[in-house]
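So you can see what is in the structure, the chains are spelled out below.
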Amino acid sequence: MKVIIAEKPSVAREIAKVFGANTKREGYIEGKGYTFTWAFGHLLQLAPPQEYGYYGWSVQNLPMLPQKFKLAIRKVKTKEGMVDDPSVKKQLDIIKGLFDEATEIIVATDAGREGELIFRYIYYFLKCKKPFKRLWISSQTDAAIKEGFRNLKPGTDYDTLFNSAHCRSQSDWLVGMNATQALSLSSGTRSVLSLGRVQTPTLAMICSRYLENKNFVPQIYYQVAIQVDKDGQLFRAISANSYKTKEEAQTIADRVEDVAAGFPQGGHILSVEAKPRKEPPPLLHDLSSLQQEANKRKGFTADYTLSLLQNLYEGKLVTYPRTGSRYIGDDVFATVPGLIDKFTGHDVFGKQATALTTAKLNKRSVNAKKVTDHHAILPTGEAARQLTPDQQAVYDMVVGRMLEAFHQDCIKEITKIAVQSGSKFMASGTVINTPGWRAVFNDKDEEKKDEENASLPKVTQGENLPVTNKAVLEKQTKPKPLYNEASLLKALETAGKEIEDEELRYAMKDSGLGTPATRASIIETLVKRDYITREKKNLVPTETGLSVYGVVKDQQIAQAELTGNWEKRLEEIRSGASVNSFLAEIQQYTRSITSEMLKAGTALRVVAKQI
DNA sequence: GCAAGGTC
């Protein structure tokens, strides 16, 4: 008997379907001489400190550097404290039973570093010795699964990938556990002051933006506005220059040749420039872009959006949500016309869906090379019923985005008019000629929302028009806004882009800080630690958060570069470099950050007293 | 009591 093990039940079901196996058992499916079982993500994790003899939280134990890491069953919180998750225990027993019977194991966990780790931890924890092969596919269509099974790889091909994954895991444990205990113990506050490779740079971003925003000194400046009348259609033009003092601006306003000053036609049209612009549709959603949209449209937190999506996924209404890709492959694209057909009767999008059934579909989101473990989020086409309003809202964002992504370009005309009236004034406006994808939601164009004169009247160069009003405007420069969940998610994704060191930047190009599956929980961790709070939509640091930021801000652990550095080394390990030299460096760094944090806590104590 | 990673 051959056993196939997937990362999650949905994938096991898909594969079983391709094989025509359909006998459902507790924890697996069987048929045609195969069994198809699954994990639920990481069933095992590196054992906590007490399993190596580090009891309690104590400076004497630090730094904790286990000789050899152990594995432990994933824990769940109960009234009696942390206990082995019973559903995990049960599934592990089922997997063990199947592995014992197996002649061969086929590894079908997700094609990536963590997928490899999920399987290997199970395999080693169960002390299994059976041979295994690797299925390596990036989409779960029937064709891709069949092709993958014709091309199974030897399991040992992925030993170095496992090494890099195991290093990632141990390094996070070493640095996180030790730095957290060191800072918490030395602060003397008896609260948990956690630190980690991902959460601390995230905290640092929120704090540094907050301080920059708070300390921003706005500069006041002045402009002059005039109102011009074209056959009863009014539009506004703003002085081409801005002025430091009100007096300078007033001088410009005094020179305006408006009707009240005795000039019936004092607005001279210097130039009219009208440029058509094509705006391509947005890409399909990955988890992060959808969380950002849901935060902007509905104010949902990243965590809440993920939980809504998980509901929809379990109800088989949307494809796998924790994806980092905004693309689909050609195989999935082939199913899109049928999918669009399912929405021609939709309340809101029916008309646009119908229009798309006869149009040539835009292929901007189709690129198999940019599909990683999972493709972009799509509806499955199953009929949606009895959704809560919030589930419905997120579901509609998925459906709407699909229609947008395959729609035509939006064609706009951007008009700039220069008017001379004493001095030079400018008016600009945007007119949408063909809405294309913008017809789906029919939203206002975000970037132009504040701008007046969305459409400008037709004027011609050389025309003279009456200026019917004028005013001096007082304006001020604005600081960068505080982070909200949408802008923070975006910043986490692109955290690597601002790194100066080219190699580190390159190492982070596909990752950013954290992963799509974990970013929401990172934000929740910072909230739980009382490092940040939500004020309206903004994420604002607390006193505690700012104090911790104060002591770590110049440390490596607070920089995105640390992740870049690790990613570079982990990639080298994947291609065969030594594991031990990297781990030795991590141990050295653990010693140094631990001693720094043991010292740093005293500074925190002073801060705590001052508050 | 603690990391980051995955998922129900």
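Residues numbered from 1 in each chain as written. Chains lettered and ligands numbered in written order. Predicted model: local features only at pLDDT ≥ 70, side-chain atom pairs only at ≥ 80, totals over all residues. Heavy atoms only, no water.

**Re the protein's contact with DNA strand B**
- Surrounding DNA strand B, one finds 42 residues, the nearest of these being His 42, Pro 49, Arg 74, Tyr 320 and Thr 515.
- Looking at DNA strand B alone, sugar and phosphate atoms form 62% of those within 4 Å of the protein.
- A distance of 2.9 Å separates a phosphate oxygen of DNA strand B from a polar backbone atom of Val 198.
- Contact distances for DNA strand B include 2.8 Å between a phosphate oxygen and a side-chain N or O atom of Gln 199. (Near = heavy atom within 4 Å. Polar contact = N/O pair within 3.5 Å; in protein donor to acceptor, adjacent residues only side chain to side chain.)

**Quick notes on the UniProt feature "domain: Toprim" (unreviewed entry) in chain A**
- UniProt records the feature "domain: Toprim" (unreviewed entry) for residues 1-141 in the present numbering.
- With 28% helix and 28% strand, the stretch residues 1-141 has end C-alpha atoms that lie 24 Å from each other. (UniProt positions renumbered as here; feature names shortened; annotations may be inferred. Helix = DSSP H or I, 4+ residues; strand = E, 2+ residues; numbered from the N terminus.)

**With respect to empty space enclosed by the protein**
- In this structure the tally under the stated criterion is one cavity of 30 Å³ or more.
- Along its surface, the largest cavity is lined by Val 11, Ala 108, Thr 109, Asp 110, Ala 111, Leu 135, Trp 136, Ile 137, Gln 140 and Asp 373.
- For the lining of the largest cavity, the class distribution of residues is six nonpolar, two polar and two charged. (1 Å grid on protein atoms, 1.4 Å probe; cavity = no way out; pocket = protein on both sides within 12 Å on 5 of 7 lines; lining within 4 Å. Points joined across faces, edges and corners; volume = space filled by probe spheres on them. Nonpolar A, V, L, I, M, F, W, Y, C, P; charged D, E, K, R; others polar.)

**So, the sheet that holds strand β9 (residues 104-108)**
- Read from one edge to the other, the open sheet built from seven strands follows the order β2-β3-β4-β1-β9-β10-β11, with strand pairing classed as mixed. The sheet terminates laterally at β2 (23-25) and β11 (153-154), the two strands that pair on one side only.
- Note that β9 and strand β10 (residues 132-134) share three bridges and pair parallel. Within β10, the position partnered with Ile 106 by the bridge is Lys 133.
- Each of β1 (2-6), β3 (28-31), β4 (34-38) and β9 touches helix α2 (residues 86-101); the most contacted strand, β4, lies at about 155° to it. (Pairing = 2+ DSSP bridges. Contact = heavy atoms within 4.5 Å. Axes fitted to C-alpha atoms, helices over the stretch in contact; angles between N-to-C directions.)

**Quick notes on the pattern of salt bridges**
- In the structure shown here, the tally under the stated rule is 34 salt bridges.
- Between Glu 14 and Lys 17 there is a salt bridge, and its shortest N-O distance comes to 3.6 Å. Here Glu 14 and its partner Lys 17 are both found in helix α1 (residues 9-19), three residues apart, which amounts to about one turn of the helix.
- A relative accessible area of 55% means that Lys 17 is categorised as exposed.
- The closest approach of N and O atoms between Lys 75 and Asp 84, which form a salt bridge, is 3.1 Å.
- Lys 75 sits in the partly exposed class, given a relative accessible area of 24%. (Salt bridge = Lys/Arg side-chain N within 4 Å of Asp/Glu carboxyl O. Buried < 20%, exposed > 50% of the residue type's maximum accessible area, 1.4 Å probe, protein only.)

**Quick word on the packing of aromatic side chains**
- The full count for this structure, using the stated rule, is 19 aromatic pairs.
- Centre to centre, the rings of Phe 119 and Tyr 123 are 5.3 Å apart; their planes meet at 40°, and the pair counts as tilted. Here the residue Phe 119 and the residue Tyr 123 both occupy positions in helix α3 (residues 113-125), the gap between them amounting to four residues, near one helical turn.
- The buried category is assigned to Tyr 123, whose relative accessible area is 7%.
- An aromatic cluster of three or more residues is present, and its members are Phe 99, Phe 119, Tyr 123, Tyr 124, Phe 132 and Phe 162.
- Here the guanidinium or amino end of Arg 209 rests over the ring plane of Tyr 483, the centre of that ring lying 4.4 Å away. (Phe/Tyr/Trp six-rings, centres within 6.5 Å; stacked < 30°, edge-to-face > 60°. Lys NZ or Arg CZ within 6 Å of the ring centre and 35° of its normal.)

**Details of α2**
- Its 16 residues place the ends of α2 23 Å apart at the C-alpha level, agreeing with the 22 Å of an ideal helix rising 1.5 Å per residue.
- Buried within α2 we find Val 88, Gln 91, Leu 92, Ile 94, Ile 95, Leu 98 and Phe 99. Along the axis of α2, the buried residues cluster in a sector spanning 160°; they form a single face. Summarising the geometry of α2, the exposed residues directed more than 90 degrees from the buried face are Pro 86, Asp 93 and Glu 101. (Expected span 1.5 Å × (residues − 1). Arc of directions from axis to C-beta.)

**Quick word on the layout of surface pockets**
- The space that makes up the second largest pocket amounts to roughly 560 Å³.
- Surrounding the second largest pocket, 21 residues form its lining, Met 205, Ser 208, Ala 495, Glu 498 and Ala 560 being those nearest its centre.
- When residues of the lining of the second largest pocket are traced back to their parent elements, those giving at least two are α6 (199-214) and α18 (560-574).
- For the lining of the second largest pocket, the leading source of residues is α6, giving six residues.
- In terms of residue class, the lining of the second largest pocket is made up of 10 nonpolar, three polar and eight charged.

**Some details on unusual backbone geometry**
- With an omega of -10°, the peptide bond between Leu 62 and Pro 63 qualifies as cis.
- As for its placement among the helices and strands, Pro 63 is situated in the loop between β5 (44-46) and β6 (71-73).
- Positive phi, close to 55°, is recorded for Lys 32, a residue that is not glycine.
- With respect to the helices, strands and loops of the structure, Lys 32 is situated in the loop between β3 and β4.
- Its relative accessible area of 62% is what places Lys 32 among the exposed residues.

**Here we look at the packing of α3 against helix α5 (residues 159-187)**
- Where α3 meets α5, the closest approach of the two axes is 9 Å, and the angle between their N-to-C directions is 90°. The orientation of α3 relative to α5 falls into the category roughly perpendicular. Contact with α3, carried on its side by Arg 113, Glu 114, Glu 116, Leu 117, Arg 120, Tyr 121 and Tyr 124, involves Asp 159, Leu 161, Phe 162, Ser 164, Ala 165, His 166, Arg 168 and Ser 169 of α5 and no other residues of that element. (Parallel < 35°, antiparallel > 145°, perpendicular 65-115°, else oblique.)

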